[in-house]
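Listed here are the chains, written in short residue letters.
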Amino acid sequence: MADGGGLGEAASAAASPPAPAPGLSPSLGWRERLRAGLAGTGASLWFVAGLGLLYALRVPLRLCENLAAVTVFLNSLTPKFYVALTGTSSLISGLIFIFEWWYFHKHGTSFIEQVSVSHLRPLMGGTESSISEPGSPSSNRESETSRQNLSVMQKAWRERNPPARIKAAYQALELNNDCATAYVLLAEEEATTIVDAERLFKQALKAGETIYRRSQQCQHQSPQHEAQLRRDTNVLVYIKRRLAMCARKLGRIREAVKIMRDLMKEFPPLTMLNIHENLLESLLELQAYADVQAVLAKYDDISLPKSAAICYTAALLKTRTVSDKFSPETASRRGLSTAEINAVEAIHRAVEFNPHVPKYLLEMKSLILPPEHILKRGDSEAIAYAFFHLQHWKRIEGALNLLQCTWEGTFRMIPYPLEKGHLFYPYPSCTETADRELLPTFHHVSVYPKKELPFFIHFTAGLCSSTAMIALLTHQFPEIMGVFAKAVFPTSYWGNVLQSAVPLGAPSTSPKPLQNAHHMKQHCILGDS
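Residues numbered from 1 in each chain as written. Predicted model: local features only at pLDDT ≥ 70, side-chain atom pairs only at ≥ 80, totals over all residues. Heavy atoms only, no water.

Right, let's get into the overall build of the protein chain. Within the protein chain, the regular secondary structure consists of 24 helices and zero strands. Within the protein chain, contacts between residues at least 6 apart in sequence are counted, and of these 68% link residues at least 24 apart. By element, 63% of the accessible surface of the protein chain is carried by carbon and sulfur atoms, the whole surface being about 32,700 Å². (Helix = DSSP H or I, 4+ residues; strand = E, 2+ residues; numbered from the N terminus. Contact = heavy atoms within 4.5 Å. Areas by Shrake-Rupley, 256 points an atom, 1.4 Å probe, with all protein chains shown as cover.)

Following this line, the structure appears as structure tokens:
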């Protein structure tokens, strides 16, 4: 999407560890490598030394006797003790949970997490290490400033109140004017126009490049420096991507395409930021369909994660070749050509991945602004895709007509119930709940289309059920059911129905016995006389 992301992407860019960045500095000397190796094995040596000391002092400390005494004590405990212990621990856990819930709703962060980040991590040797040469006074000052900046910005990203986030960003800039993540937060939260956001992102880029070069120079000093390099790489890539999106919004599309291509060449492993999806949208705006096909050939691979942008863009390119001449009447009369079959299959593939997109592209549902976060294969992703790509579908003549004629046929190929998919995994059932949290309350969340059963199946099921119920009741209560049948279906009524069904000119055989009885009676009377 052209403008997906936001604070969540900035936070993930500052925390998630990607692959090592290119352009790393040459390896250090043997003394530095030896120091780094000893620092890594220090914990193991202390552990082994502790075990050896404990073994040497086993006799003076009388470990065996003390262990036997502890075993006897544990065996003498009654079940009442364990019941009391379980009840006490449950009570304490409940109180901690209530306090955490209250603290989170009031301050927007976890109390335990805040204490561990602010107090315990420096004592345990956190990742906020210095960039300068270790041991120097400037190193200690920069290390303290870096720790303070990181602590302030971590609290800012977790803060739920926007004014509090902006205030924390200014506090970080007061501590260090080169805090790139503070500029990012201000560009996302405080800027009211795209021009202001671009200005703040350029300041963030200047600070981020400086920090990134320092991290490259010191990456081999310790594992903490390597972690800081990964974090600084994420921040730098995120800033450049947001600058490209600002250029796209301001109409400088070729500049945006160049920035995205450079990012994909310099940092190829960073596919989680979806830079290629922003590149696809920009190339579609330029109508550079050959370049779009080249990007799809690289990223529309079975081993890579899919998205609505990839699947529907692939369907759009195949639709473009046949949509201007497509007609449902002509296709039903002569059949589909090979190119039309490929286009229809591409549409079916895209609809199976995200079945909510066609309703927005065909304007069967109203569009809203995309949310800050999206869910793959969900209604939120469909809104974000249609918001930025609807104009590209409208630009190609007949594309929406072909989509309207073919998209519902996808569900005839998918097994029902959704035990397995056709080309993808079965559609997850949890997307509706997640989309309700991501989308505003006034929006009617789109759900997966349910396949309706034919009327004959419903009619047959009802007929069989009612027949079985009547048979069961007749078997259990024959007298009552007989009275009920006579009351509901009177015999005279059905006799009239049967008489009306017999033709008027048909011979009748029922009066013959009556006629024979009349002749016998007359014969007897005549004989007696």
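From this point, the discussion proceeds with the structure in view.
Further remarks concern the packing of aromatic side chains. Within this structure, the stated rule accounts for five aromatic pairs. When the centroid spacing of 5.0 Å and the interplanar angle of 80 degrees are considered together, the rings of Phe387 and Phe388 count as edge-to-face. When its relative accessible area of 6% is taken as the criterion, Phe388 is described as buried. Each member of the aromatic cluster is reached from another via a ring pair, and the members are Phe99, Trp102 and Tyr103. (Phe/Tyr/Trp six-rings, centres within 6.5 Å; stacked < 30°, edge-to-face > 60°. Buried < 20%, exposed > 50% of the residue type's maximum accessible area, 1.4 Å probe, protein only.)

Residues Ile239, Tyr312, Leu361 and Trp393 are the most contacted members of the largest nonpolar core, which totals 93 residues. Among the elements that take part in this core, helix α10 (residues 223–249) stands out by supplying ten residues, more than any other. Residues in contact with Tyr312, not counting those within four places in the same chain, are Ala350, Val351, Asn354, Val357, Pro358, Leu361, Tyr385 and Trp393. (Core = buried A, V, L, I, M, F, W, Y, C linked by side-chain atoms within 4.5 Å.)

In this model, Gln287 sits at a positive phi of 60 degrees, which is unusual for a non-glycine residue. The residue Gln287 is located in the loop between α12 (275–285) and α13 (289–299) in this model. Given the relative accessible area of 44%, Gln287 is considered partly exposed. Positive phi, normally seen in glycine, also occurs at Glu363, with a value near 60 degrees.

Turning next to a nonpolar patch on the surface. On the surface, Ile92, Ile96, Phe97, Ile98, Phe99, Trp101, Trp102, Phe111 and Ile112 cluster together to form a nonpolar patch covering roughly 950 Å² of accessible area. Breaking the nonpolar patch down by element, the ones donating at least two residues are α4 (79–107) and α5 (111–124). Sort the elements by how many residues they give to the nonpolar patch and α4 lands first, with seven residues. Position of Trp101 among the secondary structure elements: in helix α4. (Patch = residues over 30% accessible without salt bridge, like charges linked within 9 Å, V, L, I, M, F, W, Y side chains within 5 Å. Salt bridge = Lys/Arg side-chain N within 4 Å of Asp/Glu carboxyl O.)

All right, on to the packing of helix α14 (residues 308–320) against helix α18 (residues 379–395) then. Contact pair α14 / α18: the axes reach a minimum separation of 10 Å and the direction vectors enclose 30 degrees. Classed by the angle they form, the pair α14 and α18 counts as roughly parallel. The handedness of the crossing between α14 and α18 comes out as right-handed. Here Ala308, Ala309, Tyr312, Thr313 and Leu316 of α14 come into contact with α18, specifically with Glu381, Tyr385, His389, His392 and Trp393. For the contact of α14 with α18, a count of residues per class yields six nonpolar, three polar and one charged. (Axes fitted to C-alpha atoms, helices over the stretch in contact; angles between N-to-C directions. Parallel < 35°, antiparallel > 145°, perpendicular 65-115°, else oblique. Left-handed = near helix turned anticlockwise from the far one by under 90°. Nonpolar A, V, L, I, M, F, W, Y, C, P; charged D, E, K, R; others polar.)

Axes are the key here: two packed helices are described by the angle between their axes and the distance separating the axes. For the pair helix α8 (residues 180–189) and α10, the least separation of the axes is 11 Å and the interaxial angle reads 30 degrees. Judged by the twist between their axes, the crossing of α8 over α10 is left-handed. Residue-level inspection shows Ala180, Thr181, Val184 and Glu188 of α8 in contact with α10, the latter providing Val235, Tyr238, Ile239 and Arg242. Of the residues belonging to the contact of α8 with α10, the class tally is five nonpolar, one polar and two charged.

Moving on, we get to α8. Across the ten residues that make up α8, a large majority, nine, are buried. Buried within α8 are the following residues: Ala180, Thr181, Ala182, Tyr183, Val184, Leu185, Leu186, Ala187 and Glu188.

This structure, assessed with the given rule, holds 13 salt bridges. Glu189 serves as the salt-bridge partner of Arg165, at 3.0 Å between the closest nitrogen and oxygen. Of the two residues, Arg165 is situated in helix α7 (residues 162–175) and Glu189 in helix α8; the sequence distance between them amounts to 24 residues. The salt bridge involving Asp262 is made with Lys258; its shortest N-O contact spans 3.1 Å. Residue Asp262 and its partner Lys258 are both found in helix α11 (residues 253–266); the two are separated by four residues, about one turn of the helix. In this structure Asp262 comes out as partly exposed when scored by relative accessible area, which is 35%. Using a relative accessible area of 53% as the deciding quantity, one classes Lys258 as exposed. Residues joined in a network through salt bridges with shared partners are Arg248, Glu281, Glu285 and Arg395.

Before going further, it helps to spend a moment on the environment of Pro162. By the secondary structure assignment, Pro162 is in helix α7. By relative accessible area, which is 34% here, Pro162 ends up partly exposed.

Now for the side chain of Glu340. You can see Glu340 is positioned in helix α16 (residues 338–353). Residue classification places Glu340 among the buried positions, given a relative accessible area of 6%. There is a polar contact of 3.3 Å between the side chain of Glu340 and the side chain of Arg334. Aside from chain neighbours lying at most four places away, what touches Glu340 is Val322, Phe326, Arg334 and Gly335. (Polar contact = N/O pair within 3.5 Å; in protein donor to acceptor, adjacent residues only side chain to side chain.)

Moving on, we get to α18. With 17 residues, α18 extends 24 Å between its outermost C-alpha atoms, agreeing within 8% with the 24 Å of an ideal straight helix rising 1.5 Å per residue. The largest bend in α18 amounts to roughly 55 degrees and is located at His389. Of all 17 residues making up α18, 13 are buried, and the element is well covered by its neighbours. (Expected span 1.5 Å × (residues − 1). Bend = angle between axes of the 7 residues up to and from the residue.)

For Leu403, the position within the fold is in helix α19 (residues 399–406). Counting along the chain gives 59 residues from Leu403 to Val344, while the straight-line C-alpha distance between them is 8.2 Å. For Leu403, the residues in contact, after removing those within four places along its chain, are Ile347, Pro358, Leu361, Leu362 and Trp393.

All right, on to the confidence of the model for the protein chain then. Summary statistics for the protein chain give a mean pLDDT of 75 and a share of 72% for residues scoring 70 or more. Across the protein chain, the element-wise mean pLDDT spans from 44 in helix α1 (residues 7–15) up to 92 in α18. This stretch, residues 10–28, has a pLDDT under 50; its non-local contacts, to residues over four places away or in other chains, come to 40 contacts. (pLDDT = per-residue confidence, 0-100.)

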